[in-house]
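As a plain string of letters, each chain reads:
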Amino acid sequence: MKKLIFFLLFSSCANGTSIEPATLEQLLESTDHVLHVLVQKVDMITSSGEITFNPDGRTSPLSGNKIRLHVKLMSNGVIKSNLDHVPPEFYVELWEMWHYQLGNIQGSSLGEEFVFLLRGPDLNKVYPRYFMRKTDEKPNIIELLKKLSD
């Protein structure tokens, strides 16, 4: 019985953390905002609501911790948006269902530029994964946006 309970718990966690692959074109079809941004700060909100920069902090399906990427809109950074005014600075939370370590995210994104694919008035990620694109994809993104608007 214990093995069955463990299997059910493990399989539900595993299923909850898998994401179907999505193509760039599929993501752009659901995107309200395509923004060229600079990651200025990476922090974590703990399950108790505290802000931490502890590089050992982790997220997981059960932790309740959330990593936030604080970004600044680059000059001419609005590639597409349905908002009248895109805020010059905002943050986007990473999907807390994955096992991230804050220090790894800080190391790979702090001070880096990305093209974010977002949706809604609150600038939420369009999909749990694939919303952060490398800037060398920008010309392809612009081309696909033109294709989709025709």
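Details of the structure are given in the entry above.
Residues numbered from 1 in each chain as written. Predicted model: local features only at pLDDT ≥ 70, side-chain atom pairs only at ≥ 80, totals over all residues. Heavy atoms only, no water.

> When you look at the overall build of the protein in this model, what are you seeing that I'm missing?
When you go through the protein residue by residue, the secondary structure sums to four helices and seven strands. The secondary structure elements of the protein, listed N-terminal to C-terminal, are α-α-β-β-β-β-α-β-β-β-α. By the burial criterion, 37% of the 150 residues in the protein qualify as buried. A separation threshold of at least 6 residues defines the contact pool for the protein, and within that pool the share at least 24 residues apart is 72%. Surface accessibility of the protein: about 9,100 Å² in total, with carbon and sulfur atoms responsible for 53%. (Helix = DSSP H or I, 4+ residues; strand = E, 2+ residues; numbered from the N terminus. Buried < 20%, exposed > 50% of the residue type's maximum accessible area, 1.4 Å probe, protein only. Contact = heavy atoms within 4.5 Å. Areas by Shrake-Rupley, 256 points an atom, 1.4 Å probe, with all protein chains shown as cover.)

> Where do I start with helix 3 (residues 102–109) in this structure?
In an α-helix, one turn spans 3.6 residues, which is why side chains three or four residues apart end up on the same side. Those residues of helix 3 not exposed but buried are Leu102, Ile105, Gln106 and Ser109. The arc enclosing the buried residues of helix 3, seen along the axis, measures out at 100°, which places them on a common side. Seen from the open side of helix 3, the exposed residues pointing more than 90 degrees away from its buried face are Asn104 and Gly107. On the buried face of helix 3, the contacting elements are strand 1 (33–45), strand 2 (51–52), strand 3 (66–80), strand 5 (113–119) and strand 7 (132–134). (Arc of directions from axis to C-beta.)

> Please explain the pairing of strand 5 as it appears in this structure.
Looking along a regular strand, one sees the side chains alternate between the two faces of the sheet. Of all seven residues in strand 5, five are buried, a share of seventy percent or more. One ladder, built from six bridges, connects strand 1 with strand 5; its direction is antiparallel. What sits directly across from Leu35, in strand 5, is Phe116. Bridge count between strand 5 and strand 7: three bridges; the pairing is antiparallel. Directly across from Phe114, in strand 7, lies its bridge partner Lys134. Where strand 5 lies against strand 6 (residues 124–125), two bridges are found, and the strand directions are antiparallel. (Pairing = 2+ DSSP bridges.)

> In this structure, what is going on with the side chain of Thr31? I would like to understand it.
With respect to the helices and strands, the residue Thr31 is situated in the loop between helix 2 (24–29) and strand 1. Owing to a relative accessible area of 3%, Thr31 belongs among the buried residues under this scheme. Within polar-contact distance, the side chain of Thr31 engages the backbone oxygen of Leu27 at 2.6 Å. In contact with Thr31, not counting residues within four places along its chain, are Lys80, Leu117, Leu118 and Val126. (Polar contact = N/O pair within 3.5 Å; in protein donor to acceptor, adjacent residues only side chain to side chain.)

> I'm lost on the pattern of salt bridges in this one. Help?
Note on pairing: side chains with opposite charge can pair once their charged atoms come close. Using the criterion set out here, one finds three salt bridges in the structure. With a closest N to O distance of 3.6 Å, Glu25 and Lys147 form a salt bridge. One end of the pair, Glu25, is in helix 2; the other, Lys147, is in helix 4 (residues 138–149), with 122 residues separating them in the sequence. Judged by its relative accessible area of 27%, Glu25 falls in the partly exposed class. A salt bridge links Arg68 to Asp43; the shortest N-O distance between them is 2.8 Å. Taken as a pair, Arg68 in strand 3 and Asp43 in strand 1 lie far apart in primary sequence, 25 residues in all. Residue classification places Arg68 among the buried positions, given a relative accessible area of 11%. (Salt bridge = Lys/Arg side-chain N within 4 Å of Asp/Glu carboxyl O.)

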